[in-house]
Amino acid sequence: MCRNIKPLFNFDPPATDAEVHDAALQFVRKLSGTTKPSKRNQAAFERAVNSIAACALELLVSLETSQPPRNREEETIKARAKMAIRFA
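Reading the values: the criteria
- Numbering of residues begins from 1 in every chain and follows the order in which that chain's sequence is written.
- Thresholds applied to this predicted model are a pLDDT of at least 70 for local features of residues and 80 or more for the giving and counting of side-chain atom pairs; totals over whole chains, interfaces and linings are not thresholded and use all residues.
- No hydrogens and no water enter the side-chain calculation; it runs on all heavy atoms of the structure.
- Where helices and strands are cited, they refer to DSSP runs of H or I of at least four residues and of E of at least two residues respectively, numbered from the N terminus.
- Accessible area is worked out with a 1.4 Å probe on protein chains only. A residue is then buried under 20% of its type maximum, exposed over 50%, and partly exposed in between.
- Should any heavy atoms of two residues lie within 4.5 Å, those residues are counted as being in contact.
- Only the protein chains shown count as cover for residues, and the accessible areas themselves come from Shrake-Rupley with a 1.4 Å probe.
- Only four residue types enter the tally: Lys and Arg on the positive side, Asp and Glu on the negative side; His and the chain ends are excluded.
- For the purpose of locating charges, the reference atoms are NZ of Lys, CZ of Arg, CG of Asp and CD of Glu.
- Salt bridge, as applied in this entry: a Lys or Arg side-chain nitrogen positioned within 4 Å of an Asp or Glu carboxyl oxygen.
- Comment: axis = line fitted to C-alpha atoms, over the contacting stretch for helices; angle = value between 0 and 180 degrees taken between N-to-C directions.
- For this classification, under 35 degrees means roughly parallel, over 145 means roughly antiparallel, 65 to 115 means roughly perpendicular, and everything else is oblique.
- Helix crossings get a hand from a simple test, with the near helix turned counterclockwise from the far one by less than a right angle marking a left-handed crossing and a clockwise turn marking a right-handed one.
- Here the nonpolar group is Ala, Val, Leu, Ile, Met, Phe, Trp, Tyr, Cys and Pro; Asp, Glu, Lys and Arg are the charged ones; every other residue, Gly included, is treated as polar.
- Definition of nonpolar core: a set of buried residues of the types Ala, Val, Leu, Ile, Met, Phe, Trp, Tyr and Cys, connected through side-chain atoms within 4.5 Å.
- An expected span of 1.5 Å times one less than the residue number is assigned to each helix.

**Remarks on the overall build of the protein**
- Across its full length, the protein holds three helices and two strands.
- Start at the N end of the protein and walk to the C end: the helices and strands fall as β-α-α-β-α.
- Counting across all 88 residues of the protein, residues that qualify as buried make up 16%.
- The contacts of the protein with a sequence gap of at least 6 include a subset with a gap of at least 24, amounting to 71%.
- Carbon together with sulfur atoms contributes 57% to the accessible area of the protein, which is approximately 7200 Å² in total.
- Once the 14 positive and 10 negative side-chain charges of the protein are each reduced to a mean point, those two points are 14 Å apart.

This is the structure:
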């Protein structure tokens, strides 16, 4: 799927609306095969992004876990370490 879409569940602080919107935008871009739709398709593109963002936010709010929330900074450090090994 989209490598730019990052997990948004179980973080402290929780995912922002902007992060959910950005993930939805990446998803719609992947599905449509375009990063910028034509003027003719702009409204449909925006509707899809807003609809998917709303569904994603609903999902994030309804999910439950017994795990403690993850720290964003720690996860970023882990991801950078993995990338350093992968691209070394």
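**Considering the pattern of salt bridges**
- Applying the stated criterion across every chain yields a total of two salt bridges.
- Across the pair R72 and E19 runs a salt bridge whose closest N-O atoms are separated by 3.3 Å. On the criterion of sequence distance, the pair formed by R72 in helix 3 (residues 72–86) and E19 in helix 1 (residues 17–32) is long-range, its members being 53 residues apart.
- Across the pair E75 and K78 runs a salt bridge, and its minimum N-O distance is 3.5 Å.

**Observations regarding the packing of helix 1 against helix 2 (residues 42–62)**
- The interhelical angle for the contact between helix 1 and helix 2, taken along N-to-C directions, is 130 degrees, at an axis separation of 8 Å. When the axes of helix 1 and helix 2 are compared, the pair comes out oblique. Helix 1 and helix 2 meet at a crossing whose hand is right-handed. On the side of helix 1, the interface is formed by D17, V20, H21, A24, L25, F27, V28, R29 and S32, while helix 2 contributes F45, A48, V49, N50, I52, A53, A56, L57 and L60.
- Split into classes, the residues belonging to the contact of helix 1 with helix 2 amount to 13 nonpolar, three polar and two charged.

**Notes on the nonpolar core**
- Listed in full, the 10 residues of the largest apolar core are L8, A15, V20, A23, A24, L25, V28, F45, V49 and A53.
- Per-element accounting of this core gives the leading share, five residues, to helix 1.

**With respect to helix 1**
- Between its first and last C-alpha atoms helix 1 spans 22 Å; for 16 residues at 1.5 Å apiece the expected length is 22 Å, and the two agree.
- Of the residues making up helix 1, those classed as buried are V20, A23, A24, L25 and V28.
- Here the buried face of helix 1 lies against helix 2.
- A positive backbone phi angle near 80 degrees is found at G33, which sits one or two residues after helix 1.

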